[in-house]
Number of protein chains: 8
Amino acid sequence: MQLEALLEQVKTGSLSVEEAARALKAAPFADLDYAKVDLHRQLRQGVSEVIYGAGKTPEQITGIVRALEANGQDRVLVTRLDQAKAGVLAETLPELRYDPMARVGLVGTLPEPTGLGPIVVATGGTSDMPVAEEAALTAEYLGNRVVRLYDVGVAGIHRLLAHTQEIYDASVIIAIAGMEGALASVIGGLADCPVIAVPTSVGYGASFQGLAALLSMLNACAAGISVVNIDNGFGAAFMASKINHMGPRPE
Amino acid sequence: MQLEALLEQVKTGSLSVEEAARALKAAPFADLDYAKVDLHRQLRQGVSEVIYGAGKTPEQITGIVRALEANGQDRVLVTRLDQAKAGVLAETLPELRYDPMARVGLVGTLPEPTGLGPIVVATGGTSDMPVAEEAALTAEYLGNRVVRLYDVGVAGIHRLLAHTQEIYDASVIIAIAGMEGALASVIGGLADCPVIAVPTSVGYGASFQGLAALLSMLNACAAGISVVNIDNGFGAAFMASKINHMGPRPE
Amino acid sequence: MQLEALLEQVKTGSLSVEEAARALKAAPFADLDYAKVDLHRQLRQGVSEVIYGAGKTPEQITGIVRALEANGQDRVLVTRLDQAKAGVLAETLPELRYDPMARVGLVGTLPEPTGLGPIVVATGGTSDMPVAEEAALTAEYLGNRVVRLYDVGVAGIHRLLAHTQEIYDASVIIAIAGMEGALASVIGGLADCPVIAVPTSVGYGASFQGLAALLSMLNACAAGISVVNIDNGFGAAFMASKINHMGPRPE
Amino acid sequence: MQLEALLEQVKTGSLSVEEAARALKAAPFADLDYAKVDLHRQLRQGVSEVIYGAGKTPEQITGIVRALEANGQDRVLVTRLDQAKAGVLAETLPELRYDPMARVGLVGTLPEPTGLGPIVVATGGTSDMPVAEEAALTAEYLGNRVVRLYDVGVAGIHRLLAHTQEIYDASVIIAIAGMEGALASVIGGLADCPVIAVPTSVGYGASFQGLAALLSMLNACAAGISVVNIDNGFGAAFMASKINHMGPRPE
Amino acid sequence: MQLEALLEQVKTGSLSVEEAARALKAAPFADLDYAKVDLHRQLRQGVSEVIYGAGKTPEQITGIVRALEANGQDRVLVTRLDQAKAGVLAETLPELRYDPMARVGLVGTLPEPTGLGPIVVATGGTSDMPVAEEAALTAEYLGNRVVRLYDVGVAGIHRLLAHTQEIYDASVIIAIAGMEGALASVIGGLADCPVIAVPTSVGYGASFQGLAALLSMLNACAAGISVVNIDNGFGAAFMASKINHMGPRPE
Amino acid sequence: MQLEALLEQVKTGSLSVEEAARALKAAPFADLDYAKVDLHRQLRQGVSEVIYGAGKTPEQITGIVRALEANGQDRVLVTRLDQAKAGVLAETLPELRYDPMARVGLVGTLPEPTGLGPIVVATGGTSDMPVAEEAALTAEYLGNRVVRLYDVGVAGIHRLLAHTQEIYDASVIIAIAGMEGALASVIGGLADCPVIAVPTSVGYGASFQGLAALLSMLNACAAGISVVNIDNGFGAAFMASKINHMGPRPE
Amino acid sequence: MQLEALLEQVKTGSLSVEEAARALKAAPFADLDYAKVDLHRQLRQGVSEVIYGAGKTPEQITGIVRALEANGQDRVLVTRLDQAKAGVLAETLPELRYDPMARVGLVGTLPEPTGLGPIVVATGGTSDMPVAEEAALTAEYLGNRVVRLYDVGVAGIHRLLAHTQEIYDASVIIAIAGMEGALASVIGGLADCPVIAVPTSVGYGASFQGLAALLSMLNACAAGISVVNIDNGFGAAFMASKINHMGPRPE
Amino acid sequence: MQLEALLEQVKTGSLSVEEAARALKAAPFADLDYAKVDLHRQLRQGVSEVIYGAGKTPEQITGIVRALEANGQDRVLVTRLDQAKAGVLAETLPELRYDPMARVGLVGTLPEPTGLGPIVVATGGTSDMPVAEEAALTAEYLGNRVVRLYDVGVAGIHRLLAHTQEIYDASVIIAIAGMEGALASVIGGLADCPVIAVPTSVGYGASFQGLAALLSMLNACAAGISVVNIDNGFGAAFMASKINHMGPRPE
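This report concerns the structure included in the present document. The structure displayed is predicted, hence computed values, not measured ones. (Residues numbered from 1 in each chain as written. Chains lettered and ligands numbered in written order. Predicted model: local features only at pLDDT ≥ 70, side-chain atom pairs only at ≥ 80, totals over all residues. Heavy atoms only, no water.)

### Quick look at the pairing of strand β10 (residues 195-199) of chain A
Residues and elements named next belong to chain A.
No. 1: Extensive coverage of β10 is indicated by the burial of five of its five residues.
No. 2: Because side chains alternate across β10, one face comprises the buried residues Val 195, Ala 197 and Pro 199, and the other comprises Ile 196 and Val 198, equally buried.
No. 3: The pairing of strand β9 (residues 172-177) with β10 spans five bridges and is parallel. If you follow Ala 177 over to β10, its bridge partner there is Pro 199.
No. 4: The pairing of β10 with strand β11 (residues 225-227) spans three bridges and is classified as parallel. Paired with Ala 197 across the strands is Val 227, a residue of β11. (Buried < 20%, exposed > 50% of the residue type's maximum accessible area, 1.4 Å probe, protein only. Helix = DSSP H or I, 4+ residues; strand = E, 2+ residues; numbered from the N terminus. Pairing = 2+ DSSP bridges.)

Below, the structure written as structure tokens:
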């Protein structure tokens, strides 16, 4: 993989920084047969690889973690990791710490927050907390300070209005709600920062496993809102973290 | 139809008031071949018959109006009446006054309001006004005082909060919104009176002709909300008027 | 929270009743970290808080009940409480009485009925009884007299017609049905009081977990019907109770 | 095609009636290039070919009619024939009589009714009449006596109950309704004969062009009901006519 | 319930047969609190009540069976009865014989077939057999001779064509298929008797639990087909039996 | 673009054929600002570019045709070209010949057929002909012999069975049908060559603009069938032509 | 509205800047009866109000523009403005410049770009240009530099790969595509900046007016993508502009 | 079944090869009561029967395998065979070898590959492997060489581009992906051979059990792609194998 060779060339000046960066962004991955682990995502996308645990065996997860560690990544997050699989992993990955509500496992430690400001994670109800904690822990893993505002749904609008200061101060807001998903619209009308809306599958009957909240959020009248997949706390946090680390682009 | 005979019996005491009322609620209708006009709905349901104009020819509408008048009904409302059909009706029903925004026609005059309090008709946006006016005029036709709050959608929550007094004072609220339909949830959280939610087909893309708002309203977290069909301003007003005229039931 | 201070001011006349009422309706809630319990709903909405048990742990439910009790609420209803969770709650909330068919738990006693008249709870079939009992118990909890008419579906219309007297006498009717949901339409055509329709997920195949009944009820030809979410017996009863306690609004 | 030769063989006894019938049921058709006209459907299915007019040019319709006439069919029904196309056909098929409400054209005369009893065609509302007339005329064309019961929807159940005698006397009932389609369930509960349900696209909003009525009818609690496609008056009448002409099967 | 009194009147001539029949068709039912058992369906609909077992407790089923027996019904069919519940019923209803494939239980014996001819029950595949056996046993219970044609799906059209004689001889055909449901169309094109199509939930992926087959059957190009709910073998057999027992209607 | 230079290198041997082929497959296109015309698709995909006419202005179509001609392509097919646009194009592209049924325009002449055998294009009904002709003309344009079998739907299975020889002889079959789409299944069961199924939007009611046929075809029990988008005659022909030109791959 | 009074207080120091900012963010709007124009959105959300033209009359649009101008807003964008309405507006708003492809009208001039870097607007095909231009012009109106990459869909992946430099340099990317919407996933995998995906209603058949692209984009495997409503170019640009103007939050 | 007699006739010349082939293709099957095993599919379709294991009992599977063996088929593949059923089969079919990931069982040995070139089986992610292995093993069973490219989804497009050589060399490509299914489009744009797309049910939320990937693939912009049912690895391999064994058709 010659990472060192390439960097040596940069050092000696035979390769410019720009050329090296472009080369590194372009390619290699470790082929584990069952998975092609992306070793350069950190360079290309600015963040470490995160492992989506669902549909992978404990052996596969362990294998990918080890490959990432061998490549120099010092912390790894595993999402959508159910409790039973985490129990099995405890043998091969004893250093993995597991959060049962968020269903995420962490190897290594959380970094110091570095973004432009706090990311607010708000939920409509108590039942949305698993998605919210997946988002909050992912955001912290990616180097953000997180403010949690749980159970501030619009059925009691004063509970939300009591937190307008946090909303005004946020750098990015992740609005998480099931059922009718109105939280995103109301927050979108109050806030002047970008809002990432996450519909959840919380609800019953005509919520149709999150479809009602999804459609509601896609139709939010307030501008400055975009939406990720149902229950996708990770995706929302990843997007929010990118936004919270924005800076001037090189010319 | 022997209405007179029956009433004569009541007068002479050979039929009690309760028996007569029950008999009158039970049955007759005028068979116009293309329609069976319900001449006793006023007795049975407490309100005059309203004509649903869509899918009926001008001749049929005129025929039904005349049958109702012959039965003693002194005012008639025709809903879902498009402008072209209203133009044709001007010849056979010159006394019909037409409201192009609400697409309703009225024969006779509006009654004095008699309900328990005002019915608030609130909309999320300007584009919901045709449905709102159908609701407002129907409510007035059925004997209610109406307060209109238009364009108070949740994208600018302060526009709605500026009207909390009207919301607290309402007897019933009709919350009309397209797109994400969050208005119903927010009003439901503020109000302590019954709320009838009307999803509208206003919107585009993932609003799917009102489906998004419909699902959103059915899932409203706030209690005390029920929902009628998409764009059904008439149905909401009819329900609201029944509620606004509630009184003790006879033992 | 200074509730006493505020009431003292009312007593001394330094605060008018209207001002105090408005202040009390406006705001506070107990922040339990996982939930923001609404302590003033009884004032603002006229009814006690009801706990939605699904998605909450026994500890959370116990915590919320205790917070409500501390705030002076003397009875609490917990809905969507499955039998296993109720068993666990028996230790921390021994005074909670559990109804397995309705899946509700009650702390305290049911109040005396106070509404305008009886609320009729009608079902299409035997299988709709869990939803119906959730509705009936909620209505009783909120101070209504309930008349139960079960298994009166339209496949044998004479079973329903044998109960026309109860339908004529009702103050509000909750019509509960799965499969094709025609019960709501037929009752809507018979009754002159407001009808709240509840589609249930009873059925199979093209019932699509209640979608068929939901669409059917939303399209009910009879006026004076509105609809709540699939299986939402609680919501229907809450709405019906509000209607059954209607009275003149203050000027 | 040797129809005569075959029949000659039957006459002379060299071919049994059963063999001839089976041979005739098996095969031929006229290949008009754009259509393969089924010349033996009358034998195989017991009824004359009916032309589905939608998506066919006037020339194609004329060609098929002439091919059927050449084959000895003395009456032809053309369904789904819009008024403009019927106008054009007036030149090449002057003997075609057109019914604009039912959108069907007829060449030849209606036959004497021959079935087991009357077919009742019932509709929920006035707007369902085009579908109902397509069904009624098709049934008459196929040799049935038809009783029309229009506008007897369940919103005023007494309008339907006034006609229980016709329902008890029916051989087959075609129940046609849009919106919530409850008519089929109620008739199914009253009648003891087979009921064919036809959902119509009449309605708006959550009727979703007949989907609500379709699902409702498929879930009808009453037994003895089956369903055809939305607006398919022809298909219902064809099925009803087959049922109305049932007789013992040959051993 | 005075059934005897009524019949006595018939015997003495003080009540005509027609009047008695109409009276008996009109009304009574046994109110078991959890169910209103229809004791006169046999008279009104011409067939014995069948119990839909799903969603009923063993106690309720036993209660209804006993009520029907007390009313003189000598055989009872229980459909949608899963194996576990049948096991429990073995104690209170030891005479109930259970068919695990069809998931139906029978009290009493099957009657002699009496219809116009055989009912053919055809399936597309082996996996459709549970629905097919529910249909076949129901048809036999209702007095029909049944011919079973299983696994004759259109993927090997010659398997179906090898049975054209049974198809030509049938009085009614029940065509049962999952996946793409094409069997109904092909049989509809071959047969000259009524065809009842039953979509099944057999399949995976884009079969969407029977939706694909349902839509396919509703759109069947062949005339003379009508459709019942997904997996509704009972409903198809009930309809088929009515058709197979058609006879002239009284004047 | 240096095509000549590259080919010159091939000629002189300084570039091997394989290297040249790979280079040519890799890249260039003409940037017309509104479109990036793929000039090497003929090399990379083995066929000439086809222009999708819908959503392009006559000017854009003319521009793309001219760019392709300049690049040496001697025939161009334009699909989804409505009659009005074709009329406008007659001025700037006078050599374009237009087929109104197929809605395709052709510049240049059709090539000699070169495939492994005939492609059969079969339709269920007359109304499917526009899609079928789009498929047939595209297949001819791409160098295939086409056999048309129109109106052989399964409602009269003998019409299809009369053509088993053509089905056995086909190299590839394109099965086109709307409504219930059963044609694909039946042909799939008869044929031993690959079958491409094309659902069409022909139908009404529960066909839902082709959804019923699409689901039906995706669930076809017969193996050896794959499906393209609704009404996508072009895509089916493109796929069929690729299959019909299969040959050994280079080592 | 006392804006001056408030600012005067700031000037004299009797009101701190923070207090004034919060007051201004909180409330007022101009009540035009048909619309409540938000006069402080510029302060609260950081951008000028944009008028959604669909469903508003030319008079209403003119009224809102004049109200905004009176409030000091020096440029106004009107989106979803069809050509006919723009023609009528030319009389009352002669200074409005109209772009027929993007269907937007502009009063005033575009500002100098001020964001962190360029916003790339990429489309899958030529037909997506109306949505793309709505996005591009909105982004420019909100103070961003825009790079347009049109017709770079994944069917010819080399067309997209030829622009990797623009993708690496982008501050935010708006990926616009109809049909299968794969463009968002591919760009998301290449880019390290936030990607806003816009599904369009371009396509036919199983695209279901943009549903296919919408679902595809919501499921994009690549992280760092969020989605707005179908065809919502404005919403995407608004979100992108907020992201492109991110900076440190005040403590 | 007289296969030998028929072949004897061929040998002696009393039956031509063509006649014999046609006769053999036409008909017989073994009727196992629960299944009609197609003994001539090998002749008619060119491949051995494959048993779809889902919904069949171990006894039925064993019976069908033995019938096929008795008919001379020397290898049998059983698909959709879950692990528990395979365990039971180990007793009656000890020679069956089971692959738990692909959920297929094989009796006999895989044949030598004979097609035109390799079939590439590509997946978007690790979780798609069960479907991919079903496809790969089926293709090998049907006589094809298979190249596996797993986890080459478009979220890291360079992983796919690293394998362009295998894509250029493929005879047919099976592109398998869940979530947004973009892999098919991208491969379709790179390859010049036919591509069979298989949507999988891998994903969550708005993937709706594979619907998102299915719609995405049906709308793939690239030509030369067709689609099979969700998770249908077998069907894709069957189709691919047919294509990979194409050759000139007999005149």
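### Here's the deal with the interface of chain H and chain G
Interfaces are often described in size by the accessible area the parts lose on coming together.
No. 1: Chain H puts 24 residues into the contact, and the matching count from chain G is 24 residues.
No. 2: Taken together, the two surfaces of chain H and chain G that pack against each other cover about 1,900 Å², and 72% of this comes from carbon and sulfur.
No. 3: At the surface where chain H touches chain G, the tally comes to zero salt bridges.
No. 4: Joining chain H to chain G, the criterion identifies six residue pairs in polar contact (both at pLDDT 80 or more). (Contact = heavy atoms within 4.5 Å. Buried area = accessible area lost by both parts, 1.4 Å probe. Salt bridge = Lys/Arg side-chain N within 4 Å of Asp/Glu carboxyl O. Polar contact = N/O pair within 3.5 Å; in protein donor to acceptor, adjacent residues only side chain to side chain.)

### Concerning the relation of the copies chain H and chain G
No. 1: Superposition record for chain H on chain G: RMSD 0.0 Å, screw rotation 180°, translation along axis 0.0 Å. Viewed as a symmetry operation, the transformation between the two copies matches a two-fold axis. Nearest to the rotation axis, the C-alpha of Ala182(H) is located 2.5 Å from it, this being the minimum over chain H.
No. 2: Looking at the interface residues of chain H, 100% of them are also at the interface in chain G, so both copies use one shared face. (Least-squares fit on C-alpha atoms with pLDDT ≥ 70 in both.)

### Section: the environment of Ala70(G)
All names here are of chain G.
No. 1: With respect to the helices and strands, the residue Ala 70 is situated in helix α4 (residues 58-70).
No. 2: Note on Ala 70: relative accessible area 72%, which makes it exposed.
No. 3: On a C-alpha basis, the gap between Ala 70 and Asp 231 in space is 32 Å, while along the polypeptide they are 161 residues apart.

### Concerning the relation of the copies chain D and chain E
No. 1: The two copies are related by a screw motion: chain D maps onto chain E through a turn of 180° and a shift of 0.0 Å along the axis, at an RMSD of 0.0 Å.
No. 2: When the interface residues of chain D are mapped onto chain E, 100% of them again lie at the interface, so the same face is used by both copies.

### Focus: unusual backbone geometry
Across residues other than glycine, the phi torsion is negative in most instances, and most of the peptide bonds are trans.
Residues and elements named next belong to chain F.
No. 1: In this structure, Arg 103 takes a positive phi of about 55° despite not being glycine.
No. 2: With respect to the helices, strands and loops of the structure, Arg 103 is situated in the loop between β5 (97-99) and β6 (104-107).
No. 3: Assessed through its relative accessible area of 29%, Arg 103 is described here as partly exposed.

### Re the interface of chain D and chain E
No. 1: Listed as interface residues are 41 residues of chain D and, on the opposing side, 41 residues of chain E.
No. 2: When chain D packs against chain E, the two sides together hide about 3,600 Å² of surface, and 56% of this comes from carbon and sulfur.
No. 3: Summed over the shared surface of chain D and chain E, the result is zero salt bridges.
No. 4: In this structure, the connection of chain D to chain E is made through six residue pairs in polar contact (both at pLDDT 80 or more).

### Focus on the pairing of strand β7 (residues 119-123) of chain C
All names here are of chain C.
No. 1: When you tally the buried positions in β7, you get five out of five residues, the bulk of the element.
No. 2: Here β7 shows no split at all, with Ile 119, Val 121 and Thr 123 on one side and Val 120 and Ala 122 on the other all buried.
No. 3: Bridge analysis of β7 against strand β8 (residues 146-149) gives four bridges, and the strand direction is parallel. In the strand pairing of β8, Ile 119 is matched with Val 146.
No. 4: Viewed along the sheet, the connection from β7 through helix α6 (residues 129-141) into β8 turns out right-handed.
No. 5: As defined by bridge partners, β7 adjoins strand β9 (residues 172-177) across five bridges and the pair is classed as parallel. What sits directly across from Thr 123, in β9, is Ile 176. (Right-handed = clockwise from strand over helix to strand, strands pointing away.)

### Observations regarding the pattern of salt bridges
Side-chain pairs of opposite charge can arise where the charged atoms are in close proximity.
All names here are of chain F.
No. 1: Counted according to the given criterion, the structure contains 48 salt bridges over all chains.
No. 2: In this structure, Glu 140 engages Arg 148 in a salt bridge whose closest nitrogen and oxygen atoms are separated by 3.2 Å.
No. 3: Glu 140 sits in the buried class, given a relative accessible area of 17%.
No. 4: For Arg 148, a relative accessible area of 32% puts it in the partly exposed group.

### Describing helix α6 (residues 129-141) of chain G
Residues and elements named next belong to chain G.
No. 1: The end-to-end C-alpha separation of α6 is 18 Å, in line with the 18 Å expected for 13 residues at 1.5 Å each.
No. 2: Taken across its 13 residues, α6 has twelve buried, putting it largely inside the fold.
No. 3: Every buried residue belonging to α6 is among Met 129, Val 131, Ala 132, Glu 133, Glu 134, Ala 135, Ala 136, Leu 137, Thr 138, Ala 139, Glu 140 and Tyr 141, and all of these are buried. (Expected span 1.5 Å × (residues − 1).)

### A few points about the sheet that holds β5(F)
Residue and element names in this part refer to chain F.
No. 1: Spatial strand order, β3-β4-β6-β5: four strands in an open sheet with mixed pairing. Only two strands of the sheet have a single partner each, and these edge strands are β3 (50-52) and β5. Strand-to-strand, the axes of this sheet are offset by a mean angle of 20°, without reference to chain direction.
No. 2: Pairing of strand β4 (residues 76-79) with β6 involves three bridges; the strand directions are antiparallel. In the strand pairing of β6, Val 76 is matched with Val 107. (Axes fitted to C-alpha atoms, helices over the stretch in contact; angles between N-to-C directions.)

### Focus: the environment of Phe238(B)
Residues and elements named next belong to chain B.
No. 1: Among the secondary structure elements, Phe 238 is positioned in helix α11 (residues 233-244).
No. 2: The exposure class of Phe 238 is buried, given its relative accessible area of 3%.
No. 3: Residues Phe 238 and Leu 211, spaced 27 residues apart in sequence, show a C-alpha to C-alpha distance of 22 Å.

### Points about the sheet that holds strand β4 (residues 76-79) of chain B
Residue and element names in this part refer to chain B.
No. 1: One open sheet accounts for four strands, arranged β3-β4-β6-β5; its pairing is mixed. Looking at strand neighbours, the two that pair on one side only are β3 (50-52) and β5 (97-99), the edges of this open sheet. Put simply, the sheet's adjacent strands are angled 20° from each other on average, direction ignored.
No. 2: For β3 and β4, the ladder comprises three bridges, and the chain directions are parallel. Residue pairing in the sheet places Tyr 52 in a bridge with Thr 79 of β4.

### Describing the packing of aromatic side chains
No. 1: Applying the stated rule across the entire model yields 16 aromatic pairs over all chains.
No. 2: With a centroid separation of 6.3 Å and an interplanar angle of 25°, the aromatic rings of Tyr204(E) and Tyr52(H) are classed as stacked. Taken together, the residues Tyr204(E) in the loop between β10 (195-199) and α10 (211-218) and Tyr52(H) in strand β3 (residues 50-52) connect one chain to another.
No. 3: Classification of Tyr204(E) as buried rests on a relative accessible area of 16%.
No. 4: Above the plane of the ring of Tyr204(F) lies Arg80(D), whose end atom (NZ or CZ) is 4.2 Å from the centre. (Phe/Tyr/Trp six-rings, centres within 6.5 Å; stacked < 30°, edge-to-face > 60°. Lys NZ or Arg CZ within 6 Å of the ring centre and 35° of its normal.)

### As for the packing of α6(C) against helix α11 (residues 233-244) of chain C
Residues and elements named next belong to chain C.
No. 1: Two elements in contact, α6 and α11, have axes whose closest approach is 7 Å; the angle formed by their N-to-C orientations is 35°. For the pair α6 and α11, the sense of crossing is right-handed. Contacts from Val 131, Glu 134, Ala 135, Thr 138 and Ala 139 of α6 reach α11 at Gly 233, Phe 234 and Ala 237.
No. 2: Of the residues that constitute the contact of α6 with α11, the class distribution is five nonpolar, two polar and one charged. (Left-handed = near helix turned anticlockwise from the far one by under 90°. Nonpolar A, V, L, I, M, F, W, Y, C, P; charged D, E, K, R; others polar.)

### Quick word on helix α5 (residues 83-92) of chain F
Residues and elements named next belong to chain F.
No. 1: If you check which residues of α5 are buried, you get Lys 85, Ala 86 and Leu 89. The arc that holds every buried residue of α5, seen down its axis, measures 100°, which confines them to one face. Among the exposed residues of α5, those oriented more than 90 degrees off its buried face are Gln 83, Ala 84 and Glu 91. (Arc of directions from axis to C-beta.)

### Quick look at the side chain of Gln73(F)
No. 1: Relative to the assigned elements, Gln73(F) resides in the loop between α4 (58-70) and β4.
No. 2: Separated by 2.9 Å, the side chain of Gln73(F) and the backbone oxygen of Arg75(F) make a polar contact.

### Side note on the side chain of Thr79(B)
No. 1: On the secondary structure map, Thr79(B) appears in strand β4.
No. 2: Ignoring sequence-local partners within four residues, the contact set of Thr79(B) consists of Val50(B), Ile51(B), Tyr52(B), Gly53(B), Ala54(B), Arg103(B), Val104(B) and Phe234(B).

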